[in-house]
Amino acid sequence: MNRLQSRIVWEGKWRLRVDSFRLPDGRLYERGHIEHPGAVVLAPIVPGDAGLAVLMLRQYRPALERTILELPAGTREPDEPWLLCAQRELREETGRRAQTFTPLGEVWAAPGLSNERMALFLAEGLSDDPLPMDVDEEIAVEVWPLAELAAMALDGQLDDAKSVAGILRAAHRLGL
C-alpha cells in the first residue's frame, strides 16, 4: 500500500489521524486511527482476608455508557517516563503510593485502531498519599482477592482487556 496523504482531524490528549492510501490495484481508501502517547496499567497489591488482594476501580466509561470494573490506569504525558506516569496515576486514582513498582511488560491496547502502548506494573508496599483525581473521573476503589480476579479474567467475567492482562500477569508473577 502507498500512503498518499495524512491529516490530523482532532487533537486533545491523543490525536485522530486519517490516512489516504492507494491499493496495488489502484483503488483509493481512507483509514482513521488514534495516535496515543501511551498509558500505564497498575496492579496495586494489598493484604486481603484470603491472601493477596488488588485495588480495583469501578469507573464510569462514557464510550461504553456504563461503569466497569478495572485496574487503575492512565494516559501518560508525551515523553513522560513510564515509571513517573505509574507513580502519578496510582496516587490520583487510588490515593496510594507504592514502595516498589515491578514492570509486567507492555501490550498494544487496540492495534487495529490505535498505536497506544500500555505498560503494566505490579505496585506493592502501598501507603496513603493521594493526589487530586482528574475532573472527568468518577471512581470508586474496591479491594478484590487476586485469586478471584484471576479466575474472573479466565472465565470472561472480567471483560476489560487491560485489566485481564494486568491481573493474569500479576498472578503469574506472584506465583498464583
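Numbers given to residues run from 1 along each chain, matching the order in which its sequence is written. In keeping with the predicted nature of the model, local features appear solely for residues at pLDDT of at least 70, side-chain atom pairs appear and are counted solely at 80 or more, and the whole-chain, interface and lining totals rest on all residues. Computation of side-chain values covers all heavy atoms of the structure but excludes hydrogens and water.

Description of the nonpolar core
Link 1 in the chain: Of all hydrophobic cores here, the largest spans 26 residues; its most connected members are Val54, Met56, Leu69, Leu71, Leu149, Leu158 and Ile167.
Link 2 in the chain: Secondary structure follows DSSP: runs of H or I at least 4 residues long count as helices, runs of E at least 2 residues long count as strands, and numbering of each begins at the N terminus. Within the residue set of this core, elements represented by two or more residues are β4 (39–48), β5 (51–61), β8 (96–108), β9 (117–128), α2 (146–155) and α3 (161–173).
Link 3 in the chain: Judged by nonpolar contacts, the second largest core, of ten residues, contains Val40, Leu42, Ala119 and Ala123. By nonpolar core we mean a set of buried residues, namely Ala, Val, Leu, Ile, Met, Phe, Trp, Tyr and Cys, connected to one another through side-chain atoms within 4.5 Å. Relative accessibility under 20% of the residue-type maximum defines a buried residue, over 50% an exposed one, and the middle range a partly exposed one, all with a 1.4 Å probe and only protein chains included.

Considerations on the packing of α2 against α3
Link 1 in the chain: Put simply, α2 and α3 touch, their axes get as near as 9 Å, and they point 130 degrees apart. The orientation of α2 relative to α3 falls into the category oblique. Here α2 and α3 pass one another in a crossing that is left-handed. Taking contact as the criterion, the partners of Leu146, Leu149, Ala150, Ala153 and Leu154 in α2 are, on α3, Val164, Ile167, Leu168 and Ala171.
Link 2 in the chain: Polar here means any residue outside two lists: the nonpolar Ala, Val, Leu, Ile, Met, Phe, Trp, Tyr, Cys and Pro, and the charged Asp, Glu, Lys and Arg; Gly therefore counts as polar. Across the contact of α2 with α3, the residue classes tally to nine nonpolar, no polar and no charged. Between N-to-C directions, angles span 0 to 180 degrees; the directions come from axes that are lines fitted to C-alpha atoms, helices contributing only their stretch in contact. An angle below 35 degrees is treated as roughly parallel, one above 145 as roughly antiparallel, one from 65 to 115 as roughly perpendicular, and anything else as oblique. Crossing chirality is assigned from the near helix's rotation relative to the far helix, an anticlockwise turn below a right angle marking it left-handed and a clockwise turn marking it right-handed. Contact criterion: two residues are considered in contact whenever any of their non-hydrogen atoms come within 4.5 Å of each other.

Notes on the pattern of salt bridges
Close approach of charged atoms lets side chains of opposite charge pair.
Link 1 in the chain: Counted as salt bridges are all cases of a side-chain nitrogen of Lys or Arg within 4 Å of a carboxyl oxygen of Asp or Glu. This model, assessed by the stated rule, comprises 17 salt bridges.
Link 2 in the chain: Residue Lys162 is joined to Glu70 by a salt bridge in which the shortest nitrogen-to-oxygen separation is 2.5 Å. A residue pair is termed long-range when its members are at least 10 positions apart, and Lys162 in helix α3 and Glu70 in strand β6 (residues 66–70) qualify at 92 residues.
Link 3 in the chain: Judged by relative accessible area, Lys162 falls into the buried class, the value being 12%.

Notes on unusual backbone geometry
Link 1 in the chain: Even without being glycine, Glu65 reaches a positive phi, approximately 60 degrees.
Link 2 in the chain: Notably, Asp79 is not glycine yet its phi reads approximately 65 degrees, a positive angle.
Link 3 in the chain: Along the chain, Asp79 falls in the loop between β7 (73–75) and α1 (82–94).

Focus: the packing of aromatic side chains
Link 1 in the chain: Aromatic rings from Phe, Tyr and Trp, with only the six-membered ring used for Trp, were paired whenever their centres fell within 6.5 Å, and each pair was classed as stacked if the ring planes differed by under 30 degrees, edge-to-face if by over 60, and tilted otherwise. A full pass over the atoms with the stated rule returns three aromatic pairs.
Link 2 in the chain: Relative to Trp14, the ring of Trp10 lies with its centre 4.7 Å away and its plane at 50 degrees, an arrangement referred to as tilted.
Link 3 in the chain: For Trp14, a relative accessible area of 30% translates into the label partly exposed.
Link 4 in the chain: Between the aromatic rings of Phe21 and Tyr29, the centroid separation amounts to 5.3 Å while the plane-to-plane angle is 20 degrees, which identifies the pairing as stacked.
Link 5 in the chain: The class for Phe21 is buried, based on a relative accessible area of 15%.
Link 6 in the chain: On the basis of relative accessibility, which here comes to 24%, the residue Tyr29 falls in the partly exposed class.
Link 7 in the chain: Criterion for a charge above a ring: Arg CZ or Lys NZ at most 6 Å from the ring centre, at most 35 degrees from the ring normal. Taking NZ or CZ as reference, Arg76 lies 4.0 Å from the ring centre of Trp82, over its face.

Considerations on the sheet that holds strand β1 (residues 2–11)
Link 1 in the chain: Two strands make a pair as long as DSSP finds a minimum of two bridges between them. The strand order across the open sheet built from three strands is β1-β2-β3, with neighbouring strands paired in antiparallel fashion. Each end of this open sheet is capped by a strand with a single partner; those strands are β1 and β3 (28–35). Neighbour-to-neighbour, the strand axes of the sheet open up by a mean angle of 20 degrees, direction not taken into account.
Link 2 in the chain: Here strand β2 (residues 15–22) pairs with β3 via eight bridges, running antiparallel. Directly across from Arg22, in β3, lies its bridge partner Leu28.

Notes on the confidence of the model for the protein chain
Link 1 in the chain: Along the chain, pLDDT gives the predictor's confidence residue by residue, from 0 to 100. Per-residue pLDDT for the protein chain has a mean of 94; in total, 100% of the residues score no lower than 70.
Link 2 in the chain: Within the protein chain, no element has a lower average pLDDT than β1, which sits at 93, and none a higher one than α3, at 98.

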